[in-house]
Amino acid sequence: MRKWILLIPLVVLVSGCSQVGGNGYTAGDIRGINHMPYVINSMNVNGFGGPNMGAYGEGGGYCCILLPDKWSPGLKARVEWEVDPNTASEFPGYKHREEYLKWEKEVKASFRKHSTVVDIPEYGEERCGIKVHFLPCNEIKVTTICDGYGTPKYPIKEPREMKEPAQCPK
């Protein structure tokens, strides 16, 4: 009996997003691609958690975002993310606890939270969750296409490594 109780959570974890959905919605993974030279501590799409990403990094496979089975005009996604702009002073080490705690506060105070609402591009029956691209000036682009970034049919063409311009457009 005890083995079965331990097996149930494992089955739920392994089933992941494949069982989520219904009522006109299908679940998919949340993935992100960071085109910028700073760390993204966290992100979410429509309240569903997503990956953290290193500078120029990517992450994902987080379950789940629900997408309507049928796309309709005006379909939007709310993306929220937290950035570490790496503006805090140099890490003092762990030897002197007071210095470390002061530095830790400084680091956390430097984090910047952002949010925006973006259009979800038209999709058909084939869709693979949502991929969020983090671009200069806090611009966000999303896609639901199954092809990988950099492949010929992938719709977002911005280069992998980008820099923030001196001044962002308003």
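Residues numbered from 1 in each chain as written. Predicted model: local features only at pLDDT ≥ 70, side-chain atom pairs only at ≥ 80, totals over all residues. Heavy atoms only, no water.

1. With respect to the pattern of salt bridges
Argument step 1. Scanning the entire structure with this criterion turns up seven salt bridges.
Argument step 2. A salt bridge links glutamate 58 to arginine 160; the shortest N-O distance between them is 3.0 Å. Here glutamate 58 is found in strand β5 (residues 58-68), whereas its partner arginine 160 is found in the segment after β9 (139-143), with 102 residues between them in sequence.
Argument step 3. Residue arginine 78 pairs with glutamate 80 through a salt bridge whose shortest N-O separation is 3.4 Å.
Argument step 4. Arginine 78 sits in the partly exposed class, given a relative accessible area of 38%.
Argument step 5. By relative accessible area, which is 31% here, glutamate 80 ends up partly exposed. (Salt bridge = Lys/Arg side-chain N within 4 Å of Asp/Glu carboxyl O. Helix = DSSP H or I, 4+ residues; strand = E, 2+ residues; numbered from the N terminus. Buried < 20%, exposed > 50% of the residue type's maximum accessible area, 1.4 Å probe, protein only.)

2. Here's the deal with the sheet that holds strand β7 (residues 112-119)
Argument step 1. Strand order in the open sheet formed by four strands is β4-β3-β6-β7, with antiparallel pairing between adjacent strands. Only two strands of the sheet have a single neighbouring strand rather than two, namely β4 (48-49) and β7.
Argument step 2. Direction of pairing for strand β6 (residues 76-84) relative to β7: antiparallel, over a ladder of eight bridges. Residue pairing in the sheet places valine 79 in a bridge with threonine 116 of β7. (Pairing = 2+ DSSP bridges.)

3. Some details on the state of the cysteines
Argument step 1. Inspection of the entire model under this criterion finds three disulfides.
Argument step 2. Covalent S-S linkage joins cysteine 63 and cysteine 64, the inter-sulfur distance amounting to 1.6 Å.
Argument step 3. Of the residues examined, cysteine 64 reaches a relative accessible area of 6% and is grouped as buried.
Argument step 4. The partner cysteine of cysteine 137 in its disulfide is cysteine 168, sulfur to sulfur 2.1 Å. Disulfide cysteine 137 to cysteine 168: torsion about the S-S bond roughly -90°, handedness left-handed. Of this pair, cysteine 137 sits in the loop between β8 (130-135) and β9 while cysteine 168 is found in the segment after β9, placing the two residues 31 residues apart along the sequence.
Argument step 5. The partly exposed category is assigned to cysteine 137, whose relative accessible area is 23%. (Disulfide = S-S within 2.5 Å.)

4. Some remarks on a nonpolar patch on the surface
Argument step 1. On the surface, Tyr25, Phe48 and Leu66 cluster together into a nonpolar patch covering about 250 Å² of accessible area.
Argument step 2. Assignment of secondary structure puts tyrosine 25 in strand β2 (residues 25-34).
Argument step 3. Residue class for tyrosine 25 comes out partly exposed when judged on its relative accessible area of 40%. (Patch = residues over 30% accessible without salt bridge, like charges linked within 9 Å, V, L, I, M, F, W, Y side chains within 5 Å. Areas by Shrake-Rupley, 256 points an atom, 1.4 Å probe, with all protein chains shown as cover.)

5. What to know about the packing of aromatic side chains
Argument step 1. Scanning the model with the defined rule gives seven aromatic pairs in all.
Argument step 2. An angle of 65° between the planes, with centres 5.6 Å apart, marks the rings of tryptophan 81 and phenylalanine 134 as edge-to-face. Separated by 53 residues along the polypeptide, tryptophan 81 in strand β6 and phenylalanine 134 in strand β8 bring together distant segments of the chain.
Argument step 3. Overall, the relative accessible area of 5% leaves tryptophan 81 in the buried class.
Argument step 4. On the basis of relative accessible area, phenylalanine 134 is assigned to the buried category, the value being 2%.
Argument step 5. Here tyrosine 94 and tyrosine 100 contribute two aromatic rings whose centre-to-centre distance is 5.1 Å and whose plane-to-plane angle is 45°, an arrangement assigned as tilted.
Argument step 6. Ring pairing ties together the aromatic residues Phe91, Tyr94, Tyr100 and Trp103, which thus form one cluster. (Phe/Tyr/Trp six-rings, centres within 6.5 Å; stacked < 30°, edge-to-face > 60°.)

6. Quick look at the nonpolar core
Argument step 1. Counting 24 residues, the largest nonpolar core has Val45 and Phe134 as its most contacted members.
Argument step 2. Elements supplying a minimum of two residues to this core: β3 (39-45), β5, β6, β8 and β9.
Argument step 3. The contact partners of phenylalanine 134, leaving out residues within four places of it in the chain, are Ile33, Asn34, His35, Met36, Ile40, Met43, Met53, Val79, Trp81, Glu139 and Ile140. (Core = buried A, V, L, I, M, F, W, Y, C linked by side-chain atoms within 4.5 Å. Contact = heavy atoms within 4.5 Å.)

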